[in-house]
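# Chain and residue survey
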Amino acid sequence: MKYSYLTMALLLMPMSSFANDVESKDFKFSGNISAVSAYINNGLTNDPENDSATIQTSLKFDYKKFYFVYFNSKLGYSFSEIQRDEKLYERAEKNVNETMDPNISEEEYAKNIENKYNKLSMSSKRASTFSHYENDFIFGYENNYKNLSYDVNLKYLYYPESDNTGGIEAGVLFKYPLREDKDKVGISVETYLNDVYFMNKGDTYIELNYENVLAPSYYLNIFAGFSYFKEDGKYVKNSTEDFAFRHATIEVAHALDEKEQVFGWMQYIVGGKDRFSESQKNLVVAGLSYNF
């Protein structure tokens, strides 16, 4: 549920001709289309949102200091399908328990459940293509206090055709320049405000960031993520980590045109741990982004 920090930074670049026409009205529109080799959420390289190449899109509407962003990405899974399979398995298990021979072996018991599940699965309704997409709606306010820039926002995550997946997340981002037009440091904090199928209320992600202009049209981004986890929520139980290092990532981007609308970029992700103490593998992710 999180996209490249650099991609979001590039998203803030306004559409050049249109923005100039309407800037006097305090309204701007910009966007981003990216092709990525994988969609990784907060360093979860073992269980990516999508481990195949996919397209991601973002649209941003600015009015004075307020903004609205819509983000969309294809996922490698469907919460709707996962929840459907869980319910079918529970039905299969219940059916077998009600009718089974008390002398049945564990192997036969498991086989009967699998056979019953397969029969139920064949006759049940499949999830649509739309259920394989993540949709993020972000409303925020961004401003500056002297040299410090800040961004306060609320995000709603929507996964079609699934239950208890509508996550609400509050976030804040600070950036401070070390050298003008050269490099910046930043910190962002995002906290879930409700229990959902994949997160607990109070789960918090913290990211430290360093941005650097290596040379004209070459950019470096280094960031590290950490998470605070609630042990038990309504849907997610038995977390074994309360505070964990999630990942460290180095990202290099190069503008491929003079207007810096087209970027090629690559990340190297050093994996940390998830909420169940599973160590994450290291991974290389690459992408091509067009900003308008």
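Below you will find a few notes about this structure. This is a predicted model, so every value here is computed, not measured. (Residues numbered from 1 in each chain as written. Predicted model: local features only at pLDDT ≥ 70, side-chain atom pairs only at ≥ 80, totals over all residues. Heavy atoms only, no water.)

## Quick word on the environment of Asn153
By the element assignment, Asn153 lies in strand 5 (residues 148–158). In this structure Asn153 comes out as buried when scored by relative accessible area, which is 18%. A C-alpha to C-alpha distance of 9.2 Å links Asn153 and Glu190, two positions 37 residues apart in sequence. Look past the residues within four positions of Asn153 in its chain and what remains in contact with it is Tyr67, Ile138, Phe139, Gly140, Glu169, Ala170 and Gly171. (Helix = DSSP H or I, 4+ residues; strand = E, 2+ residues; numbered from the N terminus. Buried < 20%, exposed > 50% of the residue type's maximum accessible area, 1.4 Å probe, protein only. Contact = heavy atoms within 4.5 Å.)

## Considering helix 3 (residues 79–99)
The end-to-end C-alpha distance of helix 3 is 31 Å, a good match for the 30 Å that 21 residues give at a rise of 1.5 Å each. The complete set of buried residues in helix 3 reads Phe79, Ser80, Gln83, Arg84, Leu88, Ala92 and Val96. Taking the backbone nitrogen of Ser80 as reference, a side-chain oxygen 3.2 Å away marks Ser78 as the first, capping residue of helix 3. (Expected span 1.5 Å × (residues − 1). Polar contact = N/O pair within 3.5 Å; in protein donor to acceptor, adjacent residues only side chain to side chain.)

## Observations regarding the pattern of salt bridges
According to the stated counting rule, one finds eight salt bridges in the structure shown. In this structure, the salt-bridge partner of Arg275 is Asp203, at a minimum N-O distance of 2.7 Å. One end of the pair, Arg275, is in the loop between strand 11 (262–271) and strand 12 (283–291); the other, Asp203, is in the loop between strand 7 (183–192) and strand 8 (204–215), with 72 residues separating them in the sequence. Accessibility expressed as a relative area gives 7% for Arg275, which makes it buried. For Asp203, a relative accessible area of 3% gives the class buried. Beyond isolated ion pairs, a larger network of salt bridges with shared partners links Lys60, Asp62 and Glu142. (Salt bridge = Lys/Arg side-chain N within 4 Å of Asp/Glu carboxyl O.)

## A few points about helix 4 (residues 106–123)
Here helix 4 is 18 residues long and its end C-alpha atoms lie 26 Å apart, about the 26 Å a rise of 1.5 Å per residue gives. Among the residues of helix 4, Ile113, Tyr117, Leu120 and Ser121 are the ones counted as buried. The arc enclosing the buried residues of helix 4, seen along the axis, measures out at 100 degrees, which places them on a common side. Helix 4 presents Glu107, Lys111, Lys119, Met122 and Ser123 as exposed residues on the side facing more than 90 degrees away from its buried surface. For helix 4, the elements touching its buried residues are helix 3. (Arc of directions from axis to C-beta.)

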